[in-house]
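In case you want the letters, here they are:
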Amino acid sequence: MLDATVLIIDDDDDILLSARLFLKQQVKQVITCKSPKEINVLLSKNEIDIILLDMNYQKGASDGREGLYWLEHILSIDKDYVVILMTAFGHVELAVKAIKKGATDFILKPWENEKLFATISSASKLRESTKKVKKLEKIHSSLQKDLTRGFENIVGQANEIKQLQHTLLKVAPTDANVLILGENGTGKQVFAYEIHGNSHRKNQVFMHVDLGALNENLFESELFGYAKGAFTDAKEDKPGRFELADGGTIFLDEIGNLTLPLQAKLLSVLQNRTVTRLGESKERRVNVRLITATNMPLNEMAAKNTFRQDLLFRINTVELLLPALRQRGTDILLLANHFMQVFSSKYHKNIQKLSNKVQEALLQYKWPGNVRELQHVLERAVIMSDGADITEDDLQLSPQRYAQNNTLPDEMALEDMEKMMVQKAIDKHKGNISKAAAELGLTRAALYRRIEKFGI
Ligand SMILES: Nc1ncnc2c1ncn2[C@@H]1O[C@H](COP(=O)(O)OP(=O)(O)OP(=O)(O)O)[C@@H](O)[C@H]1O
C-alpha cells in the first residue's frame, strides 16, 4: 500500500466511485469531490499528495479549458503538488499542453486499473522525493544560518581596514581567486566570509577547510572524496569538500602549511577545475570560487622554492594583507567596545564602558594574538567584572603578556622568560610539540616537563 493521500476531482459519480473502490486498496487515503470549486478547502484541510483532476466539468464541454484553469490554480497554491489529469481518448494534445503547464502525468479514460496504479505509484515516488528535497533544503538553510551566525561583521575604521573593505567590495562579485595574508587572529576568515557574502554565490555553500589539520593521508580523501573500497575504511562512496562546495566558495585556510607534493595535487585540481575521487578514474567538474589564507610569507617561500610559484600565481589573483591589530590604532578600542557589548549581552551583564585606564592598557598592549586574543580578553573581563565598568584587574593583562612582542622588561625573571619562550614556540607551531621542541633545542620529554611546570 502506498503511503499517499489521493484527491480525485470529477463530476461523474461513476468514475469517482470506481476510482475510489480501486484506489482504497492501494493507497493510505482517498478523498473524492465532484466540483473543483472545493479544491481550496480540501487542500487547506488535508495533506494531499496526488490530485487526479478531470479536464471538463460543464455539461457538453470537451476542450479541457477548465482542467487547465484548475491545474494552474492548484500549482499557484503550491508548485510542488503532483497533479495527474484525466482525459478522454483523442485528447492527447491537450494532455501534452497540460504537462507543459506543470501537470505530472495524464491518464486516458476509461483506464485500466493496472495502468492507473502504475501512474499513481510513480507519482507517489515523485511526491516523496520532492518532500524529501524540501525537507533537506530546510535543514540546509537552517544549518547555513547557524554557520553564518558565528561570523562577525567586520568592525574597523582604520584607514587600512577601510581600504581593504573597499577592495573587498570590488573583488567579491568577480569570482577572482583571493589570497588573504595576515598574522593569526587578524580576521582572515571573517574577510573570506565577507567576500562570499557579497558575491553571487552568497546563498550557496561556504566551505571552510583547514589545510593545516589535514595530513598527507587525509588530504586527498577529504578534498577530492573517494569511491567505496578505495581503502580499507571506505565503506561507501563519499564526495570530497570540493564537490560539496560546488556552486559556492571554498576557503582553504593555512595554505602555507601544504607540503610540496600536496601543493602539486592542489594545483592540478585548480588548473583543470575537475576532481577525481580516490579509487575512481572519472573526472568530475567542480565550479567553486577559491579563497585561500595563510599567516606564512608565501612570496618569500616561493622565492625559496618551499611554495610553488605556479600555485601562488593561481591563488593570488587578488591579495589582501590584513594588518596586525597593534597597527590599527584606535580600532583596538572600537573592537574592544564591540566585544564588550557582545559578551555583556551573552552573560546577562550591564557593563557600560571601559575605564580610561583600561583603554590605555589596551592601546599599549601589543596583541600578538590579534583580534582573537582581544576577543578572549574581553570575554574573560566581562565574566570577571562586578560593576558597570571593566577595570584593569578584569583584563588580566600580566606583565609577561605586555612583553610578548619581543620587548622584554628589564626586571623579567629568568623563569618568566623561559615560560614565555616555551609559550611562543608552542603558539608558533600551533601546538605541534615536536616542532616547538626542535626550535627550542629541547627533547619532546623536556618540553613536556616545562609545559607541566609552567601550567601552559
Ligand atoms: N574586524 C573584525 N571585526 C569583528 N570581529 C573580528 C574582526 N576580525 C576578527 N574578528 C573576530 O576575531 C576572531 C578571529 O578571527 P578569524 O578567525 O577570522 O582570524 P584568522 O586570521 O582567520 O585566524 P587564524 O589565522 O588563526 O585562522 C573571530 O572570532 C572573528 O569573529
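Residues numbered from 1 in each chain as written. Predicted model: local features only at pLDDT ≥ 70, side-chain atom pairs only at ≥ 80, totals over all residues.

## Let's talk about the overall build of the protein
And then number 1: When helices and strands are tallied, the protein shows 20 helices and 16 strands.
And then number 2: Taking all 456 residues of the protein together, the buried fraction comes to 29%.
And then number 3: When contacts within the protein are restricted to residue pairs at least 6 apart in sequence, long-range pairs at least 24 apart make up 68% of them. (Helix = DSSP H or I, 4+ residues; strand = E, 2+ residues; numbered from the N terminus. Buried ≥ 20, exposed ≤ 12 C-beta atoms within 10 Å, placed from the backbone. Contact = placed C-beta atoms within 7 Å.)

## A word on the nonpolar core
And then number 1: Ile180, Ala192, Phe242 and Ile250 are the most contacted members of the largest nonpolar core, which totals 37 residues.
And then number 2: Of all the secondary-structure elements, those providing two or more residues to this core are α6 (159-171), β6 (178-181), α7 (188-197), β7 (206-210), α8 (216-224), β10 (249-253), β13 (289-294) and α12 (309-315).
And then number 3: Residues in contact with Ala192, not counting those within four places in the same chain, are Ile180, Phe251, Ile291 and Ala293.
And then number 4: Grouped together as the second largest cluster of nonpolar side chains are 31 residues, Ile8, Leu52, Leu53 and Leu71 included. (Core = buried A, V, L, I, M, F, W, Y, C linked by C-beta atoms within 7 Å.)

## Structural notes on the site of the ligand
And then number 1: Of all residues adjacent to the ligand, which total 18 residues, the nearest are Val155, Gly187, Lys188, Gln189 and Val371.
And then number 2: Among the elements of the structure, α7 and α15 (370-384) are those that each provide at least two residues to the shell around the ligand.
And then number 3: Two domains each donate at least three residues to the shell around the ligand, and these are domain 2 (159-321) and domain 3 (325-397). (Near = placed C-beta within 6 Å. Domains from an automatic or database assignment.)

## What to know about α7
A turn of α-helix holds 3.6 residues, and therefore any two residues three or four places apart point the same way.
And then number 1: Buried residues dominate α7, accounting for 8 of its 10 residues.
And then number 2: Looking at α7, one finds that the buried residues are Lys188, Gln189, Phe191, Ala192, Tyr193, Glu194, Ile195 and His196.
And then number 3: Structurally, α7 contributes buried residues whose contacts are with α6, β6, β7, β10, β13 and β14 (318-321).

## Observations regarding the environment of Leu258
And then number 1: The residue Leu258 is located in the loop between β10 and α10 (260-272) in this model.
And then number 2: Remark: the alpha-carbon pair of Leu258 and Phe307, spanning 49 residues in sequence, is separated by 8.3 Å.
And then number 3: Aside from chain neighbours lying at most four places away, what touches Leu258 is Leu211, Gln263 and Leu266.

## Considering the packing of helix α13 (residues 331-346) against helix α14 (residues 356-364)
And then number 1: Two elements in contact, α13 and α14, have axes whose closest approach is 9 Å; the angle formed by their N-to-C orientations is 120°. Between α13 and α14, the interaxial angle falls into the category oblique. By crossing handedness, the relation of α13 to α14 is classed as right-handed. From α13, Ile332, Leu333 and Ala336 reach across to α14, where they touch Gln359, Leu362 and Leu363.
And then number 2: Class assignment of the residues belonging to the contact of α13 with α14 gives a composition of 5 nonpolar, 1 polar and no charged. (Axes fitted to C-alpha atoms, helices over the stretch in contact; angles between N-to-C directions. Parallel < 35°, antiparallel > 145°, perpendicular 65-115°, else oblique. Left-handed = near helix turned anticlockwise from the far one by under 90°. Nonpolar A, V, L, I, M, F, W, Y, C, P; charged D, E, K, R; others polar.)

## A look at the sheet that holds strand β3 (residues 50-54)
And then number 1: Taken in spatial order, the 5 strands make up an open sheet running β2-β1-β3-β4-β5, and their pairing is parallel. In this open sheet, the two strands that pair with only one neighbour each are β2 (27-33) and β5 (105-109). Looking at each pair of strands side by side, their axes are set apart by 20° on average, direction ignored.
And then number 2: Of the pairings in the sheet, the one linking strand β4 (residues 82-88) to β5 comprises 5 bridges and is parallel in character. Bridging across to β5, Ala88 finds its partner in Lys109.
And then number 3: The strands touched by helix α1 (residues 13-23) within the sheet are β1 (2-9), β2 and β3, with β2 carrying the most contacts at an inclination of about 170°. (Pairing = 2+ DSSP bridges.)

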